[in-house]
Amino acid sequence: MKRLGELVSCSCVLTLLSAMGFLAMAAGGDVTARLSGSVHQTSFVRLAADLDKLTDQKAIAEIAFQDADPAQRKKAVAKLRDQKALAELAEKDLDPHVRAEAVKKLSDQQIVFEIAQKDADPLVRMAALEKIRDQKQVAELAKKDGDSSVRLAAIAKLNEQAALAEVAQNDPENDLRKKAVEKITSQGHIATVAQKAEAVDIRKAAVAKLQDQKALAEVARNDRESSLRSAAVEKLRDQLALADVATKDTDAQVRAQAAKKITEDRCLKVLALQSPDTTVRLACVNRVHDQKTLGPVAQNDAEPEIRRAALKKLSDDKALAAVAKKDTDQTIRTAAVEKLRDQKALAEICRTDSSPEIRKVALDRIKDPAHIGAAVSGNSDATIKSLGLERIMKQRNLDKLLPEQKRKATILQTLLLEPPVFEHYGFASLTYSFWTNRKEYTIRDTGQQVSLTEETASVRITGKDGKPISNRTYESAKGQPTETFPAASNVAFDRTNSVDVNIAEICDDILKPFDPSTQEQLHPASTGARGVFCCRSGVCRKERTANNCNAAGGKVVTDCSHCK
């Protein structure tokens, strides 16, 4: 009987509840208004119907508002369509999951935005954020929401460039600032972040995306961090900006980096000549090709290393000559001489440089005989004089003469290189020709065949203007129809009639324009070249006294101490 009573009682309750629902629907009253003030009822309300199958919106609303179980309220909200009820639930339900579910069903963007701004729970604000379409509202949440996960979601949804730039500069979380930078596509706004963000790594991330040359130049010139200035320089192509950084940056590595990126001659020239930084000047010199720039650098730079670098690329003879003559570094002067082609300048260096090694290098570079003469004439370096004379003799084929004739030709050439003579005639041309004529004889008694060689020598000297200075021909004694030949043990030997070239009179020809004092000073007979200068008149040119020479042949006699 007791069990039956309980069933009857339960049946009465269900009937009563059904009647109440019927009356409520019949009255047509507002379910939300009617239930809004009520507290959540116990779970017995769910006995009214199976919620999964329930379609009546007022009954669903009643469960959404009244059920004590948040999971059931959330389930009811998911089936609820009434926007007013959903708005109230989104704002007032005590459980954030219920409020979040209600927000998902809302269509009023303004209500959703207000909830996103005001709800205390990030879960609800996140749900509201997902519903928001207006970029200004998304930006507001990205900038101001107190929860980093909400701000991160807002950043992911945000496309408004100015707002992203603001977040990138101001968000308290570094990871979120980086995410904002990643989303920025506008070069103008990425430039703003690169220039104004407080955090170094944010500015660096912005510089990595920056392409605008003007903005990169601004960072390269003004950023507080050398690493960021370097990163900007790496992407910078603006030549004037690079030159500015190479000149003014406080970090030597950044200056050098900028200098290495400069390609325009106008900038390279200025820096090569004017930069106070040795590394920058060197980097620019290594890339400049303008001879008008390389010349002054090679001549004037304070650093030998830079002068050498400029010299390696220098080809202008005038500038090379200046370096070869004036540089204080012997190795640089040597390098300049080795490149120099100007024969006149080489001759001057050969005469005047303080280094014997450089003088020899200069002489080796001279190809023109006249300039070799200029280098040798008056040179105080005996080695240079000897080497120069040897080269002149070789160039004129005088080295191929027989030893005695070569000795005489050497004396004449030496006289022609004496400074007063060289100054008067210039580089005179000396032609010394020598030939022979052979005659055959038969010894009368034995029938032996022997020969007699006759010698002829011609010496012709002309000034650089082509006017003759001396032109003399000398012949040996001619072979007669009958000749006497030296013999030993009845065997006769060939004989040579040697030519006697009187170079004393040739020297007289050369010295004719000079006063007696100069002649005396320069004549080889007065300068130690003895043995061939006694004249046929029988007067020794040194003592100028008679009876010291053999008047007949001009041969040296044993009692002439100066002619020995």
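Residues numbered from 1 in each chain as written. Predicted model: local features only at pLDDT ≥ 70, side-chain atom pairs only at ≥ 80, totals over all residues. Heavy atoms only, no water.

Draft legend 1. Just the overall build of the protein chain, in detail. Along the backbone of the protein chain there are 32 helices and 6 strands. By residue count, 44% of the 564 residues in the protein chain fall in the buried class. Contacts in the protein chain between residues at least 24 apart in sequence constitute 49% of all its contacts with a sequence separation of at least 6. Surface exposure of the protein chain reaches about 29600 Å², of which carbon and sulfur atoms provide 51%. (Helix = DSSP H or I, 4+ residues; strand = E, 2+ residues; numbered from the N terminus. Buried < 20%, exposed > 50% of the residue type's maximum accessible area, 1.4 Å probe, protein only. Contact = heavy atoms within 4.5 Å. Areas by Shrake-Rupley, 256 points an atom, 1.4 Å probe, with all protein chains shown as cover.)

Draft legend 2. Main features of the layout of surface pockets. The volume enclosed by the second largest pocket comes to roughly 320 Å³. Around the second largest pocket, the lining is made up of 15 residues, and of these Thr442, Ile443, Arg444, Asp445 and Glu483 lie nearest the centre. The residue inventory of the lining of the second largest pocket, partitioned by class, reads 7 nonpolar, 5 polar and 3 charged. (1 Å grid on protein atoms, 1.4 Å probe; cavity = no way out; pocket = protein on both sides within 12 Å on 5 of 7 lines; lining within 4 Å. Points joined across faces, edges and corners; volume = space filled by probe spheres on them. Nonpolar A, V, L, I, M, F, W, Y, C, P; charged D, E, K, R; others polar.)

Draft legend 3. Quick look at the packing of helix α20 (residues 278-285) against helix α22 (residues 304-313). Running from N to C, α20 and α22 point in directions that differ by 5°, and their axes come no closer than 9 Å. With respect to their mutual orientation, α20 and α22 come out roughly parallel. Taking contact as the criterion, the partners of Thr278, Arg281, Leu282 and Val285 in α20 are, on α22, Glu305, Ile306, Ala309, Ala310 and Lys313. (Axes fitted to C-alpha atoms, helices over the stretch in contact; angles between N-to-C directions. Parallel < 35°, antiparallel > 145°, perpendicular 65-115°, else oblique.)

Draft legend 4. Structural detail: the environment of histidine 424. By the element assignment, histidine 424 lies in helix α30 (residues 419-425). The class of histidine 424 is partly exposed, set by a relative accessible area of 46%. As a C-alpha pair, histidine 424 and lysine 464 span 40 residues in sequence and 9.9 Å in three-dimensional space. Beyond its immediate chain neighbours, meaning those up to four positions away, histidine 424 contacts Pro513 and Phe514.

Draft legend 5. Region of interest: the packing of aromatic side chains. In this structure the tally under the stated criterion is 2 aromatic pairs. The lysine or arginine in question, arginine 495, covers the ring of phenylalanine 485, its NZ or CZ lying 5.6 Å from the ring centre. (Phe/Tyr/Trp six-rings, centres within 6.5 Å; stacked < 30°, edge-to-face > 60°. Lys NZ or Arg CZ within 6 Å of the ring centre and 35° of its normal.)

Draft legend 6. Here's a closer look at the environment of isoleucine 60. Positionally, isoleucine 60 belongs in helix α3 (residues 57-66). Relative accessible area serves as the criterion here: at 1%, isoleucine 60 is assigned to the buried category. The sequence separation of isoleucine 60 and lysine 79 amounts to 19 residues, and the corresponding C-alpha distance is 7.2 Å. Every residue in contact with isoleucine 60, bar those within four places of it in the chain, is listed here: Leu54, Thr55, Ala76, Lys79 and Leu80.

Draft legend 7. Expanded view of the pairing of strand β3 (residues 468-475). With 7 bridges connecting them, strand β2 (residues 449-462) and β3 associate as antiparallel partners. Within β3, the residue paired with valine 459 across the bridge is arginine 472. Here β2 hands over to β3 after 5 residues, with glycine 466 in that stretch at a positive phi of 90°. (Pairing = 2+ DSSP bridges.)

Draft legend 8. Local environment of helix α16 (residues 226-235). Residues Leu228, Arg229, Ala232 and Val233 constitute the buried set of α16. Down the axis of α16, the buried set is contained in an arc of 140°. They therefore lie on one face. Buried residues along α16 sit against α14 (200-209), α15 (213-222), α17 (239-248) and α18 (252-261). (Arc of directions from axis to C-beta.)

Draft legend 9. View of the environment of valine 138. One can find valine 138 in helix α9 (residues 135-144). Of the residues examined, valine 138 reaches a relative accessible area of 0% and is grouped as buried. For valine 138 and isoleucine 155, which are 17 residues apart along the polypeptide, the C-alpha to C-alpha distance reads 7.9 Å. In this view, valine 138 contacts Leu129, Ile132, Ala154, Lys157 and Leu158; residues no more than four positions away in its chain are not counted.

Draft legend 10. Highlighting the state of the cysteines. Throughout the structure, instances matching the rule amount to 0 disulfides. As a non-bridged cysteine, cysteine 267 has cysteine 284 as the owner of its nearest cysteine sulfur, 8.8 Å distant. We classify cysteine 267 as buried; its relative accessible area is 4%. (Disulfide = S-S within 2.5 Å.)

Draft legend 11. Quick look at the pattern of salt bridges. Tallying each qualifying case throughout the model produces 32 salt bridges. Across the pair lysine 75 and aspartate 52 runs a salt bridge whose closest N-O atoms are separated by 2.6 Å. Within this pair, whereas lysine 75 is found in helix α4 (residues 70-79), its partner aspartate 52 is found in the loop between α2 (31-35) and α3, the two being separated by 23 residues in sequence. Looking at lysine 75, the relative accessible area reads 33%, which means it is partly exposed. Of the residues examined, aspartate 52 reaches a relative accessible area of 48% and is grouped as partly exposed. The salt bridge partner of aspartate 327 is arginine 307, with a shortest N-O separation of 2.8 Å. Of the two residues, aspartate 327 sits in the loop between α23 (317-326) and α24 (330-339) while arginine 307 sits in helix α22, which places them 20 residues apart along the sequence. With respect to class, aspartate 327 is no different from arginine 307; both count as buried. Members of the salt-bridge network, linked through shared partners, are Arg221, Asp244 and Lys248. (Salt bridge = Lys/Arg side-chain N within 4 Å of Asp/Glu carboxyl O.)

Draft legend 12. Spotlight on the side chain of glutamate 483. Checked against the element boundaries, glutamate 483 lands in the loop between β3 and β4 (487-488). Within the structure, the side chain of glutamate 483 is placed 2.5 Å from the backbone nitrogen of glutamine 480, a separation counted as a polar contact. Within the local environment of glutamate 483, its side chain forms a polar contact with the side chain of arginine 495, the two groups lying 2.9 Å apart. In this structure, glutamate 483 is in contact with Tyr441, Leu452, Lys478 and Arg495, ignoring residues within four places of it in sequence. (Polar contact = N/O pair within 3.5 Å; in protein donor to acceptor, adjacent residues only side chain to side chain.)

Draft legend 13. Quick peek at the packing of helix α6 (residues 96-105) against helix α8 (residues 122-131). In the contact formed by α6 and α8, the axes pass within 8 Å of each other and the chain directions differ by 5°. Looking at the two axes, α6 sits roughly parallel to α8. Taken together, the residues of α8 that come into contact with α6 (itself represented by Pro96, His97, Arg99, Ala100, Val103 and Lys104) are Leu123, Val124, Ala127, Ala128 and Lys131. Among the residues forming the contact of α6 with α8, the class breakdown is 7 nonpolar, 1 polar and 3 charged.

These figures capture arrangement, not role.
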